[in-house]
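# Fold and geometry: a report
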Amino acid sequence: MESKKIGFIGTGVMGASIVIHLLNAGHEVTIYTRTKSKAADLIAAGANWAETPAQASKEQDIIFTMVGYPKDVEEVYIGENGIFSVAKKGAIVIDMTTSEPTLAKKLYHEASERGLRSLDAPVSGGDIGAKNGTLSLMVGGDKEVFEKMQPIFELFGQNIVYQGVAGSGQHTKMCNQIAIASGMIGVCESMAYGLKAGLAMEEVLRSITAGAAGSWSLSNLAPRMLKGNLEPGFYIKHIIKDMKIALDEAERMNLQLPGLTLAKSMYDQLLAEGYGDNGTQALIKYYE
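For clarity, every value in this text was computed on a predicted model and none was experimentally measured.

Definitions and limits used
Residues numbered from 1 in each chain as written. Predicted model: local features only at pLDDT ≥ 70, side-chain atom pairs only at ≥ 80, totals over all residues. Heavy atoms only, no water. Helix = DSSP H or I, 4+ residues; strand = E, 2+ residues; numbered from the N terminus. Buried < 20%, exposed > 50% of the residue type's maximum accessible area, 1.4 Å probe, protein only. Contact = heavy atoms within 4.5 Å. Areas by Shrake-Rupley, 256 points an atom, 1.4 Å probe, with all protein chains shown as cover. Axes fitted to C-alpha atoms, helices over the stretch in contact; angles between N-to-C directions. Parallel < 35°, antiparallel > 145°, perpendicular 65-115°, else oblique. Left-handed = near helix turned anticlockwise from the far one by under 90°. Nonpolar A, V, L, I, M, F, W, Y, C, P; charged D, E, K, R; others polar. Arc of directions from axis to C-beta. Phe/Tyr/Trp six-rings, centres within 6.5 Å; stacked < 30°, edge-to-face > 60°. Lys NZ or Arg CZ within 6 Å of the ring centre and 35° of its normal. Salt bridge = Lys/Arg side-chain N within 4 Å of Asp/Glu carboxyl O. Polar contact = N/O pair within 3.5 Å; in protein donor to acceptor, adjacent residues only side chain to side chain. Core = buried A, V, L, I, M, F, W, Y, C linked by side-chain atoms within 4.5 Å. Pairing = 2+ DSSP bridges. Right-handed = clockwise from strand over helix to strand, strands pointing away.

## Remarks on the overall build of the protein chain
The number of helices and strands found in the protein chain is 13 helices and nine strands. Along the longest, intermediate and shortest principal axes, the C-alpha atoms of the protein chain span 60 × 45 × 35 Å. Taken across its 288 residues, the protein chain has 50% of its residues classed as buried. Restricting the contact set of the protein chain to residue pairs at least 6 apart, pairs at least 24 apart contribute 65%. Split by element, the accessible area of the protein chain, about 13300 Å² in all, is 49% carbon and sulfur.

## Examining the packing of helix α8 (residues 168–196) against helix α13 (residues 258–272)
Between α8 and α13, whose axes approach to 9 Å, the crossing angle comes to 70 degrees. Looking at the two axes, α8 sits roughly perpendicular to α13. By crossing handedness, the relation of α8 to α13 is classed as left-handed. Contacts between α8 and α13 pair I178, A181, S182, M184 and I185 from the former with G259, L260, L262, A263, M266 and Y267 from the latter. Its residues assigned to classes, the contact of α8 with α13 shows nine nonpolar, two polar and no charged.

## Quick look at helix α4 (residues 70–78)
For α4, the complete set of buried residues consists of P70, D72, V73, V76 and Y77. The arc that holds the buried residues of α4, viewed along the axis, is 155 degrees, so those residues lie on one side. Along its buried surface, α4 packs onto β1 (5–9), α3 (53–57), β4 (62–65), β5 (92–95), α5 (101–113) and α12 (236–252).

## As for the packing of aromatic side chains
Here the structure, examined in full by the defined rule, presents eight aromatic pairs. Members of the aromatic cluster, joined through ring pairs, are F8, F64, F146, F153, F156 and Y162. In this arrangement the basic side chain of K237 is found over the ring face of Y235, its NZ or CZ atom lying 5.1 Å from the centre.

## Overview of the pattern of salt bridges
Tallied over the entire structure, the rule returns 16 salt bridges. Note that R34 and D72 form a salt bridge whose closest N and O atoms lie 2.7 Å from each other. Of this pair, R34 sits in the loop between β2 (28–32) and α2 (40–44) while D72 sits in helix α4, and the two are 38 residues apart along the sequence. The class for R34 is exposed, based on a relative accessible area of 61%.

## Quick word on the environment of Q170
Of note, Q170 is situated in helix α8. Considering only alpha carbons, one finds Q170 and V139, 31 residues apart in sequence, at a separation of 7.8 Å. With residues up to four places along the chain from it excluded, the contact list for Q170 reads D95, T97, T98, S99, E100, P101, A104, D120 and P122. For Q170, the side chain forms a polar contact with the main-chain nitrogen of S99, separated by 2.9 Å.

## Remarks on the side chain of R224
Relative to the helices and strands, R224 is located in helix α11 (residues 222–227). The residues contacting R224, other than those within four sequence positions of it, are D127, I128, N229, E231, G233 and Q281.

## With respect to helix α7 (residues 143–153)
Of all the positions in α7, only V145, F146, M149, I152 and F153 are classed as buried. One face of α7 carries all of its buried residues, which in axial projection span an arc of 95 degrees. Exposed side of α7, more than 90 degrees from the buried face: E144 and K148 are the residues found there. Of the surrounding elements, those touching the buried residues of α7 are α1 (15–24), β4, β5, β6 (117–120), β8 (135–141) and β9 (157–164).

## Some thoughts on the nonpolar core
Membership of the largest hydrophobic core comes to 82 residues, with the highest contact counts inside it found for F8, F64, I94, M96, F153 and F156. Once you skip the residues sitting within four places of it in the chain, F64 turns out to touch I6, G7, F8, I9, L22, I94, M96, M149, I152, F153 and F156.

## Overview of the pairing of β6
Pairing geometry for β5 and β6, over four bridges, is parallel. Among the inter-strand pairings, I92 is bridged to a residue of β6, identified as R117. Handedness of the β5-α5-β6 crossover: right-handed.

## Points about the pairing of β1
Among the five residues that make up β1, four are buried, leaving the element largely enclosed by the rest of the structure. Pairing between β1 and β2: five bridges, direction parallel. Note that in β2 the partner of I6 across the bridge is V29. Where the polypeptide runs from β1 across α1 and back to β2, its parallel neighbour, the crossover connection is right-handed. The pairing of β1 with β4 spans four bridges and is classified as parallel. Looking across to β4, one finds that I9 is bridged to T65.

What follows is the structure in structure tokens.
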């Protein structure tokens, strides 16, 4: 694969691992994140440092963003020192933040007006998927741009699916987050029940992860719950953001989602108790 000049804005839990995959493939990567000290390992691995999103975007062939909230997405694209102020014509901008479908459509149109190509490509798989290069990507935008980016996506993704026009990737991610948020209640209640019954939960997991109850969360997050490991693969504060986006979109579509509404209320309680920076598996604390 021909080496590309890549800008990457937002090197958090998943972004940092993606940058490593890009560097290992021989691409020149320039990074920006709010706290430079948190990017020290990436700089040591060969990434270039930029002082602003604009500096990370100038003269790049491809620009990835993976930040926290929709307001952060708007800032890094449209802000005074944002991507759109400097990106060269023909560059491809790809937002992997889980964000609003309406914002993805807005960025697509504004990028087109500037001679840029835009994809919304949120991912699923957490810190494990990012480290292993096995993320699932849900991509919206022009299919020809998606196909052009496929070899890059394959460096850190395994299940890479084109979903349709701009915004479709974000809508698909909402489907993903709804299933995760509501499903986490079942995982936690299963663990709480087994513990109360005095079962050896490692043996329980050997049985139920291989049966009809099996899921990624049950296989990967239930063991963390049992060990008391609440470190984030995905932050509670971010799943709450995603649930709010999904509920707002559902309201626009006149769709009721009682399971998601319940899950959000439970996570809101944990946020109020100070668990916002813990992983989603900390929902087990609700039962303790």
